[in-house]
Amino acid sequence: MEQIKRELDAVKRNTLPKRSVAEVKSLAQELLNKMTLEEKIGQLYQSGHDSTEVTGPAFDASKTVENISKGAVGSIIGLNDNLICYQLQKKALESRLGIPLLFCADIIHGCFTGFPVNLALSCSFDEKLIEECCKITAYEASHSGVDLTFSPMLDLVHDPRWGRVMESNGEDTYLSTRLARAYIRGYQQDNLEGYDSIATCAKHYIGYGLAEGGRDYNSVDMSKYRLHESYLPPFKAAFDEGCPMVMTSFNIFDGVPVTVNKYLLRDVLRDELKFDGVVISDYTSSGEVLNHGAAKDDKDVAYKSITAGLDHEMIYPSYINHLKELILNGEVEERLVDEACLRVLELKYKLGLFDNPFKHLYSNPLDYSMKEEFLAKAKDAATKSAVLLENDGVLPFAKDKKIALIGPYADYNSLIGPWGGKTDINDCKTLREVFEERGLDVLTSNGCGFTEMDYSHFEEAIEIAKKQDIIVFACGEPRNMSGEAASRAYLDLPGVQEELLHELSKLGKPIVMLVFAGRPLILTKIRKHVNAIMYCWFLGTSTSDAIYELLTGIANPSAKLTMSFPYAVGQIPVYYNALPTGRPKTLPGIDQFYHSRYIDIPNTPLYPFGYGLSYSKFEYSNFGVVNNTTKDKVEVLVSVDVTNVSEIKGDEIVQLYIHAVASSVSRPYLELKEFAKVALNPNETKRVTFKLTKDTFTHYLNDNYQLDKGKYEIFVGTSSTTLSKETIEI
Ligand code: GLC
């Protein structure tokens, strides 16, 4: 291994050429013309390796090295060891045409430095912050053998029973569209041939987040209207920003599994969105077409996948086992393989892998990671992602307060969340460690576990609580209860955590509840027992420092929810931009037949989209709308003054929504169409102005996006339920 390290250290890292699209296409075509059919098919295959971190059903990696030597592998997934990657890359370069491998990995919310899970980060509404986090992530990943990450995840989510809401940007299309661009810019830096950037893969195309019942991998049924109105825009934004790969999702669309869905992969992706990048399957999703009952055997899987437009098959070997036969017996045109192979080769040329196949391989990745400034940015991101849901004034608390730190997260370091990339939870300090380090008078007791029905430590917890001024109750779900294949039917705090909280509340002391989870939990009952709730999601490597600074006022919470919190599981799905229905919940009066509602709970979520508290106090005034629309152009200027009427400097996320009063289709009560984050000193006022154009008001109908003339209500405010309204005609 020392020899390999020496060779890696000797790799020359000269500046790689930035080639035009035409040059890349020409080089790829020139190479394709030299390739045999087997070699072309090999480029369509993503293999695992026996050191691959498996993120799905097990696979046979016994032939990986042999296949690489024959030029029969295009890319490798999830291989953390740079020395092994180096050896495999050398094998690939020794093959007849020496086409380099592409190394892919799931670097979802941080590489070695863990950032907040994506749902948390989206609550910052901060594109610049996300770009900075992704740039750091790309730097660490590009110095540890990653050429491409399977990120950003752009699924819209409406169901917190689904464990994967933690890696999404929440329930809103417009927000996800803007954040998608920030992810691509941060990872790629418009410099794919650079040494510090990595390529991206937008996923999961498309509709995976609509799985029935929030049960992972379950069926999906979505109209073409909803596809175009709500689900496609974030993907289009990612492609427009230069994202070169898209991953098909496990689900079906209109009855046909997405991975073999010609309408989605050719008509929509290629013809409508003009996407010219690589379409990769999700992990064995091609082979799973058999389980869907939509193919009769592996050969049929290969036939349906290539004709539908799948370019690169992850792990499942239908292409390398059957495509050659399908072509030689005339069932598949070789042209289809050529097109797919060209896209893979073009991606490798764009990345500069033909110029330097070892560009992202280093013998010592940790030397480039976990720098102080990275950890500082992770802390900054964490303080801007935690959402303050309740606060009766107990927060921020003074540093001389005596704290009883109780709950399963009191002294626990698994704070990264699912999809931890190359992070190590041992790099995370626990809350106890930081509270002590930073000089708080703190007594700690878990009091209970996460899921165990064990009451035996309640007494110990209650005893320390009696001695202290404030109880900080650090609770939630453990990391393995969210993420992929972790759907939940109940969304309460697991185990006996709620019982422990109830016992603590009997002491009559102020309780600050910190909730760690990858999804919205049901807080309806337990919120009555506490004086403050800070929703901490999974905030990454610097979680505990960030929380200390938020609780003591060094940092001021500013995040706002991007996913509604249900009042009860039975209320799911609940989201702010729902359609009014013919019997809208907002009609005056309580005529039971005229309200789409539940008779046993309120008709609103517990906490709505766009909601979050601050230690500052913001007031809105002078809301004005100037409609400059003419017959040739739509232009509406919306302005509002935002004043910080407190003595605490803070950030306010100003939100703008529209409502089409009468349209050619039924449109949501509210649609987020602009937002801005404004920093305000004590007693400072800033005037925020948004310029709305035609795109703000258009919607999808009959294969087109159109503008309906007519009346629109314009809303501005601090959340989706606290708004001022003006009405315009365009
Ligand atoms: C997983 C996930 C996908 C991930 C892929 C590779 O099953 O669905 O998000 O990128 O497989 O690990």
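Residues numbered from 1 in each chain as written. Predicted model: local features only at pLDDT ≥ 70, side-chain atom pairs only at ≥ 80, totals over all residues. Heavy atoms only, no water.

A tally of regular secondary structure across the chain gives 20 helices and 26 strands. In terms of overall size, the chain behaves like a compact globule, its C-alpha atoms giving a radius of gyration of 26 Å where 730 residues would be expected to give roughly 27 Å. Counting only C-alpha atoms, the chain reaches 75 × 65 × 45 Å along its principal axes. By sequence separation, contacts in the chain at least 24 residues apart represent 78% of the contacts at least 6 residues apart. Carbon and sulfur atoms provide 49% of the accessible area of the chain, an area that totals close to 26800 Å². Across the chain, 78 positive and 100 negative side-chain charges occur, with their mean positions spaced 3 Å apart. (Helix = DSSP H or I, 4+ residues; strand = E, 2+ residues; numbered from the N terminus. Rg over C-alpha atoms; globule rule 2.2 N^0.38 Å. Contact = heavy atoms within 4.5 Å. Areas by Shrake-Rupley, 256 points an atom, 1.4 Å probe, with all protein chains shown as cover. Lys, Arg positive; Asp, Glu negative; His and termini not counted. Charge placed at Lys NZ, Arg CZ, Asp CG, Glu CD.)

Let us look at the site of the ligand. Taken together, 14 residues lie around the ligand, and Thr55, Asp106, Arg164, His204 and Asp282 are the ones closest in. For the ligand, whose unbound accessible area comes to 310 Å², protein coverage reaches 100%. Broken down by class, the residue content of the shell around the ligand amounts to 7 nonpolar, 2 polar and 5 charged. (Near = heavy atom within 4 Å. Nonpolar A, V, L, I, M, F, W, Y, C, P; charged D, E, K, R; others polar.)

Ranked by size, the top nonpolar core spans 89 residues in total, and within it Leu514, Leu523 and Trp537 carry the most contacts. Counting residues in each nonpolar core, the second largest holds 56 residues, with Ala28, Leu32, Ala238 and Cys341 among its members. (Core = buried A, V, L, I, M, F, W, Y, C linked by side-chain atoms within 4.5 Å. Buried < 20%, exposed > 50% of the residue type's maximum accessible area, 1.4 Å probe, protein only.)

With that out of the way, let us pick up the layout of surface pockets. Each pocket or cavity is described by its volume, and for the largest pocket that value is around 1200 Å³. Lining the largest pocket are 43 residues, and of these Thr173, His228, Glu229, Pro233 and Lys673 lie nearest its centre. Considering only residue class, the lining of the largest pocket consists of 17 nonpolar, 11 polar and 15 charged. The computed volume of the second largest pocket comes to approximately 820 Å³. Around the second largest pocket sit 27 residues that line it, and Tyr575, Tyr576, Lys585, Asn603 and Tyr669 are the ones nearest its centre. Among the residues making up the lining of the second largest pocket, the classes are represented as 14 nonpolar, 11 polar and 2 charged. (1 Å grid on protein atoms, 1.4 Å probe; cavity = no way out; pocket = protein on both sides within 12 Å on 5 of 7 lines; lining within 4 Å. Points joined across faces, edges and corners; volume = space filled by probe spheres on them.)

Let us look at the confidence of the model for the chain. Detail in the predicted coordinates should be disregarded across regions flagged by low pLDDT. Overall, the prediction assigns the chain a mean pLDDT of 96, with 99% of residues at 70 or greater. Element-level pLDDT for the chain is lowest in strand S24 (residues 704-706), with a mean of 92, against a maximum mean of 99 in strand S10 (residues 278-280). (pLDDT = per-residue confidence, 0-100.)

Take the sheet that holds strand S19 (residues 635-644) next. Read from one edge to the other, the open sheet built from 3 strands follows the order S18-S19-S22, with strand pairing classed as antiparallel. If you trace the sheet from one side to the other, it starts and ends with strand S18 (618-627) and strand S22 (685-693), each paired once. If you compare each strand with its neighbour and ignore which way they point, the axes differ by 15° on average. Pairing analysis gives 9 bridges linking S19 to S22, with the strands arranged antiparallel. If you follow Val640 over to S22, its bridge partner there is Val688. (Pairing = 2+ DSSP bridges. Axes fitted to C-alpha atoms, helices over the stretch in contact; angles between N-to-C directions.)

Next up on the list: unusual backbone geometry. Along the chain, Ser151 connects to Pro152 via a cis peptide bond; the corresponding omega equals 15°. For Pro152, the position within the fold is in the loop between strand S4 (148-149) and helix H8 (173-188). With an omega of -10°, the peptide bond between Lys203 and His204 qualifies as cis. Structurally, His204 is set in strand S6 (residues 202-205). Non-glycine residue Lys274 carries a positive phi angle of around 55°. Positive phi, close to 55°, is recorded for Met370, a residue that is not glycine. Assignment of secondary structure puts Met370 in the loop between helix H14 (334-351) and helix H15 (372-383).

We now examine the sheet that holds strand S17 (residues 532-535). As summarised here, the arrangement of the 6 strands in space is S12-S17-S16-S15-S13-S14, forming an open sheet in which the pairing is mixed. The sheet terminates laterally at strand S12 (387-391) and strand S14 (441-445), the two strands that pair on one side only. In this sheet, adjacent strand axes meet at a mean angle of 15° when their direction is disregarded. Bridge count for strand S16 (residues 511-516) against S17 is 4 bridges, and the pairing is parallel. Bridge pairing links Val512 to Ala532 in S17. In this fold helix H17 (residues 458-467) packs onto strand S13 (402-406), S14 and strand S15 (470-476), with an angle of close to 165° to the strand it touches most, S13. Along the sheet face, helix H19 (residues 543-551) touches S15, S16 and S17 and points at about 150° away from the line of S16.

This next bit is on H8. The end-to-end C-alpha distance of H8, which contains 16 residues, comes to 22 Å, matching closely the 22 Å that a straight helix rising 1.5 Å per residue would cover. With 14 of 16 residues buried, H8 is to be regarded as a mostly interior element. For H8, the N-terminal cap is Asp172; the gap from its side-chain oxygen to the backbone nitrogen of Tyr174 is 3.0 Å. (Expected span 1.5 Å × (residues − 1). Polar contact = N/O pair within 3.5 Å; in protein donor to acceptor, adjacent residues only side chain to side chain.)

The next thing to look at is the pattern of salt bridges. For the structure on display, the rule yields 56 salt bridges. Glu132 is the salt-bridge partner of Lys377, the closest N and O atoms lying 2.8 Å from each other. In this pair, Lys377 is assigned in helix H15 and Glu132 in helix H7 (residues 127-142), connecting sequence segments 245 residues apart. One salt bridge connects Glu635 with Lys633, and the closest N-O pair in it is separated by 3.7 Å. Take Glu635: its relative accessible area is 15%, and that puts it in the buried class. Each of Glu131, Arg181, Arg185, Lys236, Asp240 and Glu241 takes part in salt bridges that share partners, so that together they form one network. (Salt bridge = Lys/Arg side-chain N within 4 Å of Asp/Glu carboxyl O.)

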